[in-house]
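Structural features, examined
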Amino acid sequence: MNARRARGAVAALAALALTTLAAACGNAEPAGTTAAAAGGGGGPAEVRLGYFPNITHATALVGVEKGLYAKHLGSGTALKTSTFNAGPAAIEAVFSGAVDATYVGPNPAINAWAKSKGQAIKIVAGAASGGVFLVVKPGIESVEDLKGKKIATPQLGNTQDVALRYWLDSKGVKTDTKGGGEVSIVPQENSQTIQTFATGDIDGAWVPEPFASRLITESGGKVLVDERDLWPGKEFVITHLIVRQEFAKEHPEAVRKLIEAHVEANELIASDPAGAAETANAALEKLAGKPLKPEVLDGAFKNITFTNDPIASSLVGSADHAVKVGLLEPVDLTGIYDLKILNEVLAAKGRPQISDK
């Protein structure tokens, strides 16, 4: 399907999400300000970058920890970072002007595009594919066994929440946005899900890495669904980089430098996965107070493909899924991508161009 013609999705979270998003913004945690390291001048005094403390956001974790964004931005521009639990909170920060760019999943990006009528954001690069699972308690063997159970997602309307609702709907299982239906969906922060799964307050969770691997290694969970199995070629966007359009128009060179750092971070991950995993873990230790266990880190990294390709066809699929479960209404996604700078950066390195279709 062509992303420039495809049906996408509007935030028919509208009434719902206006409340949820605003409340969720309180989940943002300042991750600090880093003075840029070299060169520069003429850019903004500060660039504010958002990301999640998830292995699916390892591009950002590695880039920040290794000082790549600071290096590319130059000494005249400070890097300020903030972390979020889920996409709706990150998008609210974009709308409020609290961040200039953020790593986020597909559905919140679609919501931002739709709610702003194409005026708020652009997707400027891919970051990661895969790394999402439905992990359940032993004894749950099928979708039928989920009936009457409680399953967690990171936040109402976020990418994993939509994916779970769509999968259940495709199996004929009904849910609602208030936790009712045949399966009760419970939105909660991923860190809380680790606790509630261990205590038995929930029976499973549709979550990204490293939380999926933690549920397995720390609490004896098992994989019921690997989301890769639900997509053509086992590829789907789980993380991409978006920028505020206003910021991009005012500071195109700052956006270029962010993308240069982004590409360098993915190159580092590809050339030394084990070293990149340790770097990401060091970043997570600073954010969460403790590192991931080696078995969790290893499993999580192996489950994710880090890529500059935003896998545009899967964005269209995510939009259609949200429409199908009644969270969103159709909208034209034409123009949501702007991969011009990314492709210029890749061309300078002799790398293939990436399509927005």
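Our subject in this report is the structure included herewith.

Each value, and the rule that gives it
Residues numbered from 1 in each chain as written. Predicted model: local features only at pLDDT ≥ 70, side-chain atom pairs only at ≥ 80, totals over all residues. Heavy atoms only, no water. Helix = DSSP H or I, 4+ residues; strand = E, 2+ residues; numbered from the N terminus. Buried < 20%, exposed > 50% of the residue type's maximum accessible area, 1.4 Å probe, protein only. Contact = heavy atoms within 4.5 Å. Areas by Shrake-Rupley, 256 points an atom, 1.4 Å probe, with all protein chains shown as cover. Salt bridge = Lys/Arg side-chain N within 4 Å of Asp/Glu carboxyl O. Phe/Tyr/Trp six-rings, centres within 6.5 Å; stacked < 30°, edge-to-face > 60°. Lys NZ or Arg CZ within 6 Å of the ring centre and 35° of its normal.

**Some thoughts on the overall build of the protein chain**
Secondary structure assignment for the protein chain yields 14 helices and 12 strands. A total of 357 residues make up the protein chain; the buried ones form 55% of that total. Here the analysis covers contacts within the protein chain between residues at least 6 apart in sequence; of these, 82% occur between residues at least 24 apart. By element, 51% of the accessible surface of the protein chain is carried by carbon and sulfur atoms, the whole surface being about 13600 Å².

**What about the pattern of salt bridges?**
Once their charged atoms are close, side chains differing in charge can pair, the charge on each being opposite to the other. Evaluated as defined, the whole model comprises 19 salt bridges. Across the pair Lys147 and Glu144 runs a salt bridge, and its minimum N-O distance is 3.3 Å. Between Glu218 and Arg214 there is a salt bridge, and its shortest N-O distance comes to 2.8 Å. On the criterion of helical spacing, the pair formed by Glu218 and Arg214 is a turn pair, its members being four residues apart in helix H8 (residues 211–219). A relative accessible area of 17% means that Arg214 is categorised as buried. In this structure, a network of salt bridges that share partners links the residues Arg48, Asp100, Arg244 and Glu246.

**A word on the packing of aromatic side chains**
With the rule as written, the count across this model stands at three aromatic pairs. Between Trp167 and Trp206, the aromatic rings sit 5.9 Å apart at their centres with planes inclined by 50°, giving tilted as the arrangement. Taken together, the positions of Trp167 in helix H6 (residues 159–170) and Trp206 in strand E9 (residues 204–208) put the pair 39 residues apart, joining distant regions of the chain. Overall, Trp167 belongs to the buried group, its relative accessible area being 8%. Geometrically, the ring pair formed by Phe301 and Phe306 is tilted, given 5.3 Å between the ring centres and 45° between the ring planes. For the residue pair Phe301 and Phe306, the accessibility class agrees, reading buried in each case. Taking NZ or CZ as reference, Lys137 lies 4.1 Å from the ring centre of Phe197, over its face.

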